[in-house]
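Structural features, examined
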Amino acid sequence: MRIILLGAPGAGKGTQAQIIMSRYGIPQISTGDMLRAAVKAGTELGVAAKKVMDAGGLVSDDIIIGLVKERIKQADCAPGFLFDGFPRTIVQAQAMIDAGVSIDHVVEIRVADDEIIQRLSGRRVHPGSGRVYHVTHNPPKVAGKDDDTGEDLVQRPDDSEATVTKRLGIYHEQTQPLVGFYQARDGVEANAAKYHLVEGVGSVEDITQRMLAALS
Ligand code: AP5
Ligand code: ZN
């Protein structure tokens, strides 16, 4: 099964991806996590990407498309994969179609902008695994510590209110047009992905149930 999770920053893509991937036995491919790993490793890509990410901008399509094409060649992607945060522009979506990478389902998780700001200000992450928590909505068992490793949780540098506002603006401008892009193909083009809209407000479990119902 090949799935695209579409949604604004803070819509809950990473949170749901962690659940869906274990359910379906497919890897989560988060371009944001891949870029953060490059930043941590201090590679040339990481140094360049950090500036763009901290400012809330988008990394260039060429770089992202190259990263994803390499990633999906790996053996663990044979049963399928779950894209989280990719594609984010029409150019990225078209590049997958041009490369013959068919997708079964596109799931849009929709959340209003005011809820997003509140979610991202309380987000905490485990840098090693990408596991995501929220100080009140989805707290770790021990405050400030990852459930599996006990290691410290951190705040993402791009979660300041000013940067979140910028990221939301870019989402509406560059990523939201993908909704129309996939809707227009669903049921029209051969092998087109099925498009599903999932209301993203409610408990994490409720949203997982809505997603599983859409995918079944
Ligand atoms: P990326 O890491 O993809 O960030 P994003 O899309 O902005 O999304 P987030 O990770 O912020 O949110 P999420 O939807 O995963 O929400 P989460 O589950 O964490 O990208 C970062 C940057 O990398 C980009 O800005 C860009 O620069 C670059 N980049 C990445 N991909 C790129 C691409 N393809 N092209 C170009 N550039 C790219 O949840 C958020 C919070 O809400 C958490 O605290 C969580 O616990 C909480 N929460 C989750 N569900 C619920 C719920 N149901 N109720 C209440 N709280 C909830
Ligand atoms: Zn995420």
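Residues numbered from 1 in each chain as written. Chains lettered and ligands numbered in written order. Predicted model: local features only at pLDDT ≥ 70, side-chain atom pairs only at ≥ 80, totals over all residues. Heavy atoms only, no water.

Things to note about the site of ligand 1
In plain terms, the rule: Residues are classed as near a molecule or strand on a simple rule: at least one heavy atom within 4 Å of it. In the analysis that follows, any N or O atom pair within 3.5 Å is treated as a polar contact, provided that within protein one partner can donate a hydrogen and the other can accept it, and provided that, for residues neighboring in sequence, both atoms belong to side chains. Counting from the N terminus, the helices are DSSP H or I runs at least four residues long and the strands are E runs at least two residues long. Amino acid classes used here: Ala, Val, Leu, Ile, Met, Phe, Trp, Tyr, Cys and Pro are nonpolar; Asp, Glu, Lys and Arg are charged; the rest, including Gly, are polar.
Around ligand 1 sit 36 residues, and of these Thr15, Gly57, Arg88, Arg123 and Arg167 come closest. Lys13 has a polar backbone atom sitting 2.8 Å from an oxygen atom of ligand 1. Note that a nitrogen atom of ligand 1 is positioned 3.1 Å from one of the backbone N or O atoms of Val59. Of all the secondary-structure elements, those providing two or more residues to the shell around ligand 1 are α1 (13–24), α2 (31–41), α6 (113–121), β6 (132–134) and α9 (204–215). Per-element accounting of the shell around ligand 1 gives the leading share, four residues, to α2. Grouping the amino acids of the shell around ligand 1 by side-chain chemistry returns 14 nonpolar, 14 polar and eight charged.

Concerning the sheet that holds strand β2 (residues 28–30)
Put simply, the rule reads: Only strands that DSSP links by at least two bridges are regarded as paired with each other. All axes here are fitted lines through C-alpha atoms, helices being fitted over the stretch that makes contact, and every angle between N-to-C directions spans 0 to 180 degrees. Here, two residues are considered to be in contact whenever any of their heavy atoms come within 4.5 Å of each other.
Read from one edge of the open sheet, five strands run β2-β3-β1-β4-β7, paired in parallel fashion. Looking at strand neighbours, the two that pair on one side only are β2 and β7 (194–199), the edges of this open sheet. The average angle at which neighbouring strand axes cross in this sheet is 20°, direction not considered. Pairing between strand β1 (residues 2–6) and strand β3 (residues 81–84): four bridges, direction parallel. By the bridge assignment for β3, Leu5 is matched with Asp84. Along the sheet face, α1 touches β1, β2, β3 and β4 (105–110) and points at about 175° away from the line of β3.

What about the confidence of the model for the chain?
We apply this condition: A residue's pLDDT is the predictor's confidence in that residue, given on a scale from 0 to 100.
In this model, the chain carries a mean pLDDT of 95, and residues with pLDDT of at least 70 account for 100%. Reported confidence for the predicted complex is 0.98 by ipTM and 0.95 by pTM.

Comments concerning the packing of α2 against helix α3 (residues 44–54)
Think of two packed helices as two axes; the pair is described by the angle between the axes and how far apart they sit. The cut-off we apply is this: Note on terminology: angles under 35 degrees are roughly parallel, angles over 145 are roughly antiparallel, angles of 65 to 115 are roughly perpendicular, and the others are oblique. Crossings are sorted by hand: turned counterclockwise from the far helix by less than a right angle, the near helix makes the crossing left-handed, and turned clockwise it makes it right-handed.
Between α2 and α3, the least distance of the axes is 7 Å, while the angle of their chain directions is 120°. By the criterion of interaxial angle, the relationship of α2 to α3 is oblique. Once α2 is placed against α3, the crossing between them reads as left-handed. Two secondary-structure elements touch here, α2 through Gly32, Leu35, Arg36, Ala38 and Val39 and α3 through Leu45, Gly46, Ala49, Lys50 and Met53. Residues of the contact of α2 with α3, tallied by class, amount to six nonpolar, two polar and two charged.

Observations regarding the pattern of salt bridges
Side chains bearing opposite charge may pair, as long as their charged atoms lie close to each other. Selection criterion: By definition here, a salt bridge exists when the distance from a side-chain nitrogen of Lys or Arg to a carboxyl oxygen of Asp or Glu is within 4 Å. In this scheme, a residue with accessible area under 20% of its type's maximum is buried, one over 50% is exposed, and one in between is partly exposed, where area comes from a 1.4 Å probe on protein chains only.
Enumeration over the complete set of coordinates arrives at 15 salt bridges. Note that Arg110 is salt-bridged to Glu108, the shortest N-O span being 3.0 Å. Asp158 serves as the salt-bridge partner of Arg167, at 3.7 Å between the closest nitrogen and oxygen. Here Arg167 and Asp158 have matching classes, each one buried. Each of Arg123, Arg156, Asp158, Asp159 and Arg167 takes part in one network of salt bridges that share partners.

Here we look at the packing of aromatic side chains
Here is the rule we go by: Pairing of aromatic side chains requires ring centres within 6.5 Å, counting the rings of Phe and Tyr and the six-membered ring of Trp. Pairs whose planes differ by under 30 degrees are stacked, by over 60 edge-to-face, and all others tilted. Placement of a positive charge over a ring is assigned whenever Lys NZ or Arg CZ falls within 6 Å of the ring centre and within 35 degrees of the normal to the ring plane.
Enumeration according to the criterion identifies three aromatic pairs in this entry. Measuring from ring centre to ring centre gives 4.6 Å for Phe81 and Phe83, while their planes differ by 40°; the resulting arrangement is tilted. For the ring pair Phe181 and Tyr182, a centre distance of 5.2 Å and an interplane angle of 90° mean the geometry is edge-to-face. Above the ring of Phe181, the side-chain terminus of Arg185 is found at 3.8 Å from the ring centroid.

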